[in-house]
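If you want the building blocks of each chain, they are given just below.
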Amino acid sequence: MNTSGFPVHFFLLYVLYYSGQAIYSAYFNLYLSGIGFSNTMIGLTVSLSTLLLLMVQPFWGIISDRAKNKNSVLKILFLFSGLSAMMYYLSADYFYVIIISLVFTMFYAALTPLQDNITLEYLKDKKWDFGKIRMGGTIGYAVAVAAAGIMIKSRYSSIFWLISLFLLLCFALMYIIPPVPGYRTRTEKASFSEILKNRMLMVLIGFNLVNSLGLSFFYTYYPVYFESSIGGDSSIIGVLMFTCAIAEIPFMLIIDNISRRFGIIKLLIAAAAVSGLRWFLMYLLTSPVLIVLANLLHGFSFTCFTYCILTYISENVPKSLRAAGQTFNTMVTAFFSKVIFGFLGGVASDIFGINRIMLVSSVISFLSAIVFGFWLIKLSKGNEAGAEACLRAGER
């Protein structure tokens, strides 16, 4: 296989995977609302699913690092997540839906970090940057979420066969994806503590975690508010999510260049501030058209956080721990944004209203830009001073 040409197989894998993820993330909670779940019940379902995610993601990350090739682990996850999605059709009972959500999550949860990991590993020392490959996911997400919104006509139970189809297509495509070897062998056993000792990485993960609170709340509850209080239906919600996704494309094309020019710290501070503005507009606006337009801000903020964290881990974590590092970031972020804030956000939404929680999310994002911005700048200056001291010592 030609390794110098554009890695179209990886690009297509992102198109297919994010097509399924678009339908799941945009319409699943609307399905739950449609079968009678309150915001609190939706929050509990999301929290329990995410709690399981925290247990299985480290497991799949370690298995991937130790596997002969990492593709085999992704094959298993794509296959069983695709099959388990169809089990939602067997019953709409509250407890059954929770159980099936847990089964689905067991396989689905680790797909994003492990797919990112094998893509970054494959691209190492090649001329293609991750942003251009990841753009396939943005295109797939945008097209699928808009098309599904028109197709299902607010019949949200229709989503599961579509999700299953895309995941099983990913499973089939994995057979022609170039193999990516595991690295954690008996002769190379880097300790997981190396990840925890990386102070810059820990602060970056914390920054990402805090800013994911508003994003998680938006995708979990805002479509429900948009349909019930703003007056949107599945097709308009599809346009809303399409706008969020399509806004990523121009930034995916240039994110590598602007990160080299400005550095990840400045980018993340700006991204957090833009997120704060976005959530404030979601609190303030009531016009569907203006709400859709305001979500163009998603492109800059989401792309910056995703790219900067993934790239930092790929470049600063030992090769044998990169999959574990990616899953650790996802795990920690998910615990607070979905398990804690997801459930509490549902309870608070039932009490105060979804749009008021968007205002809280705005305040959190603006504060994080200030607090984590100063923290990262201080760490960066300390690292530079340490490097200069080592250089002077070497010269002596």
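Residues numbered from 1 in each chain as written. Predicted model: local features only at pLDDT ≥ 70, side-chain atom pairs only at ≥ 80, totals over all residues. Heavy atoms only, no water.

Enquirer: Run through the overall build of the protein, naming residues and quoting values.
Expert: The helix and strand tally for the protein stands at 16 helices and zero strands. A compact globule built from 396 residues should have a C-alpha radius of gyration of about 21 Å, and the protein, at 21 Å, falls within 12% of that. Projecting the C-alpha coordinates of the protein onto the three principal axes gives extents of approximately 70 × 45 × 35 Å. Counting the 396 residues in the protein, one finds 57% classified as buried. Considering only contacts within the protein whose residues lie at least 6 apart along the sequence, 87% involve residues at least 24 apart. (Helix = DSSP H or I, 4+ residues; strand = E, 2+ residues; numbered from the N terminus. Rg over C-alpha atoms; globule rule 2.2 N^0.38 Å. Buried < 20%, exposed > 50% of the residue type's maximum accessible area, 1.4 Å probe, protein only. Contact = heavy atoms within 4.5 Å.)

Enquirer: Before we move on, could you go through the side chain of T119 and cite the residues and values that matter?
Expert: Within the element layout of this structure, T119 appears in helix α5 (residues 111-123). Among the residues examined, T119 registers a relative accessible area of 0% and is labelled buried. Beyond its immediate chain neighbours, meaning those up to four positions away, T119 contacts F10, Y14, F130 and I133.

Enquirer: Any chance you could break down unusual backbone geometry for me, citing the residues and the numbers?
Expert: For residues other than glycine, phi is negative in most cases, and the peptide bonds are mostly trans. Phi at K153 is positive, roughly 50°, even though this residue is not glycine. Relative to the assigned elements, K153 resides in the loop between α6 (130-152) and α7 (159-173). Even without a glycine there, the phi angle at S154 is positive, about 65°. With respect to the element layout, S154 can be found in the loop between α6 and α7. The class of S154 is partly exposed, set by a relative accessible area of 33%.

Enquirer: I'd like a description of the nonpolar core, backed by residues and values.
Expert: Counting residues in hydrophobic clusters, the biggest one holds 131 residues, and the most contacted among them are Y27, F78, I163, F218, Y222, M241 and M282. Setting aside its immediate chain neighbours within four residues, Y27 contacts V145, A148, G149, I152, Y156, I159, S234, I237 and G238. (Core = buried A, V, L, I, M, F, W, Y, C linked by side-chain atoms within 4.5 Å.)

Enquirer: Mind laying out helix α3 (residues 71-85), listing which residues take part and the relevant values?
Expert: Between its terminal C-alpha atoms α3 stretches 21 Å, which fits the 21 Å expected from 15 residues at 1.5 Å a residue. Listed in full, the buried residues belonging to α3 are N71, V73, L74, L77, F78, S81, G82, S84 and A85. Each buried residue of α3 lies within a common arc of 165° when the element is viewed along its axis, so the set occupies one face. (Expected span 1.5 Å × (residues − 1). Arc of directions from axis to C-beta.)

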